[in-house]
Amino acid sequence: MSSSTQPKKRQFQSIKGVRDILPSETALWNHIENTAHEVFATFCFREIRLPVMENIELFARSVGEESDIVTKEMFSFEEYGWTPLDTFRRNIISSNPIDYRKVSLTIAVDSVKSHTDRFLTALNEAVELGEIQKTPEVIAALQGIPKQRDELLQALQCGPNEWSDSDLGVPWNEIRRLARDTRLGEQLCLRPEATASVVRAYIEHGMHTLPGNVKLYCMGPMFRRERPQKGRYRQFYQIDAEVLGPSDAPGIDAELIEMLMVYFERVQLQGATLYINSIGDKNCRPAYVERLRGELQNVRDKLGPDSQRRIETNPLRVLDSKVEGEQAIIEKLPRIAEHLCSDCRAHYEEVKRQLGLRGIAFQENWRLVRGLDYYMRTTFEITAPGLGSQNAVCGGGRYDGLVEMLGGPAATKGIGFAIGTDRLVLSLQEAGADLSVRQSGLDVYIAWFGAAAQTMAIGLARRLRDAGFVVELPAAEMKFGKALGFADRLKARHAVILGEDEVAAGVVTVKRLADAKQQKLTEPELNAYLRSQ
Ligand code: AMP
């Protein structure tokens, strides 16, 4: 086949909402992550590395069944090995045997029978072999599918005109639903956030028995099926810190925020603004939420569809609304600060006092409620310039009931934050940070000519690299001009030339590419010279 007639090969691109972080950016990413390791360690935080996959139930229970994350943004899947059951289930879900009635009644009947028989036989077998669990959904399928099938077969056999396609569709759709609900394995998901995983690990590894509060941090990718835009991705990265243990002293909140601000200062984030709020606890929040719901009912007609829905599901989230026309209405709503119980008020006042002790500037924002269900008392957020509408670089808050909710000891308290690494990088880049130059620093390009020089070049490259220099060693011999041209294009600072003359004299020729200054040096002299540059 000539090249012109060959089929065009598909070129792949990264999928929607995810992206590659290229070498020109990774120096900044590494700097940001390394600084977090350094700063957090000085506050006695210890790193924990967590899996990116978890049981979906973990997030449904913690983040909240009604939250956007759980209802629409989760990347979830069933975990099971290959099984014919899966194929038979797919066949049922994707087929419509009733259509065959137009061609032949026998084909339609056979198709209903074969699809359901194969699926039911495989399902029974899998249950007997213990390959899948006899869950309520499996029992419903084992009982319901034969019943629906018999009804459908009876109806089909009544003759072509007795039943309409839509009547026949009812039992078939029920069969499909029963098949679809049959779970073949565990429901897993890619983690949408880290707090629930940290808490899961804390409980699983009995960390509540450790003395005092446990300070943990982690970093890595999170996954949410969001509408991609600047600063909003489907795979994004977070740097996450959590404090778990028996104490909920306000000093913990203040120190955690202090660590965050020290960190932002260290990475030289300019113009970061800290907002704080208290959203009460289970003693005072429910009454406030009811009051809010009542007020929102009064203005329901003036709100958009999202806020209207949230009046029922989660009225606090209405305060998060960015819809222009709702702002004036929201400003008049009752504020939680005026409804805090005395314990929550005292806690909040002390957090603010302790932030003051640490010289940390903040602004109070009564509308800062945070999207996730588990937050209580202190909430906080940090915004940074250069990010457009997605200007939050970090969000956090206290979640004292979460450990208990996930099966851990009741008395355990918790607080944490998540920095959006992608947005931190964006903000630093907008402010002119560029570490790519530091990363691309090629110190030495070794241009060698002849077999003897190659042997010497290999040894020299190893020793220079051991000494910490960045060295490029061509794998194959090149002509002199081409080798030096290459060194230029790679932006090497020096070319080290090794030819017959150099080998014979036991020296190297080093050329500084910026000004073409050239000299002959022994290896120790070369080392000292490179170090002085
Ligand atoms: P959250 O876990 O929603 O409290 O978010 C904490 C921080 O993570 C936010 O302040 C953002 O900086 C960042 N973040 C959340 N969702 C995304 C996303 N889809 N893309 C990029 N960053 C995000």
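A short tour of the structure in this document, coming up. (Residues numbered from 1 in each chain as written. Predicted model: local features only at pLDDT ≥ 70, side-chain atom pairs only at ≥ 80, totals over all residues. Heavy atoms only, no water.)

## Let's talk about the overall build of the chain
Test applied: Working definition: helices are DSSP H or I runs of at least four residues, strands are E runs of at least two. Numbering for both runs from the N terminus. Between the two quantities, the radius of gyration covers C-alpha atoms and the globule rule is 2.2 Å times the number of residues to the power 0.38. A 1.4 Å probe rolled over the protein chains alone gives each residue an accessible area, and that area as a share of the maximum for its type sets the label: buried under 20%, exposed over 50%, partly exposed in between. Any two residues whose heavy atoms approach within 4.5 Å are treated as being in contact. Surface exposure here means Shrake-Rupley accessible area, sampled with a 1.4 Å probe, where a residue is shielded only by the protein chains that are shown. We treat Lys and Arg as the positive residues and Asp and Glu as the negative residues; His and chain ends play no part in the count. In plain terms, the charge of a residue is placed at NZ if it is Lys, CZ if Arg, CG if Asp and CD if Glu.
Along its length, the chain carries 20 helices and 16 strands. Here the C-alpha atoms of the chain give a radius of gyration of 32 Å, more than 25% beyond the 24 Å that 2.2 N^0.38 yields for 533 residues. Overall, the chain is about 100 × 80 × 50 Å in size when its C-alpha atoms are taken along their principal axes. Per-residue burial over the chain gives 48% buried out of 533 residues. Across the chain, the fraction of contacts at a sequence separation of at least 24, relative to all contacts at a separation of at least 6, is 73%. With the model as given, the accessible surface of the chain reaches about 27,300 Å², and the carbon-plus-sulfur share is 51%. Charged side chains in the chain number 68 positive and 72 negative. The centres of these two groups are separated by 4 Å.

## A short note on helix H15 (residues 421–430)
Side chains three or four residues apart in an α-helix point the same way, a direct result of the helix having 3.6 residues per turn. Judged by how many residues are buried, H15 sits mostly within the fold: 8 of 10 residues are covered. All buried positions along H15 are accounted for by Thr 421, Asp 422, Arg 423, Leu 424, Val 425, Leu 426, Ser 427 and Leu 428. In the core, the buried residues of H15 are packed alongside helix H1 (23–42), strand S6 (235–245), helix H9 (250–266), strand S10 (392–398) and strand S11 (413–420). Note on H15: the residue one or two positions beyond its end, Gly 432, has a positive phi of about 100°.

## Some points on a negative patch on the surface
Rules: Residues form patches when they are more than 30% accessible in relative terms and have no salt bridge. Like charges link within 9 Å. Nonpolar side chains (Val, Leu, Ile, Met, Phe, Trp, Tyr) link within 5 Å. A carboxyl oxygen of Asp or Glu within 4 Å of a side-chain nitrogen of Lys or Arg is what we treat as a salt bridge.
Among the surface-exposed residues, Glu 57, Glu 65, Glu 66 and Asp 373 lie close enough to one another that they form a single negatively charged patch. By the secondary structure assignment, Glu 65 is in the loop between helix H2 (56–62) and helix H3 (68–73). For Glu 65, a relative accessible area of 52% translates into the label exposed.

On their own, these measurements won't tell you what the molecule is for.
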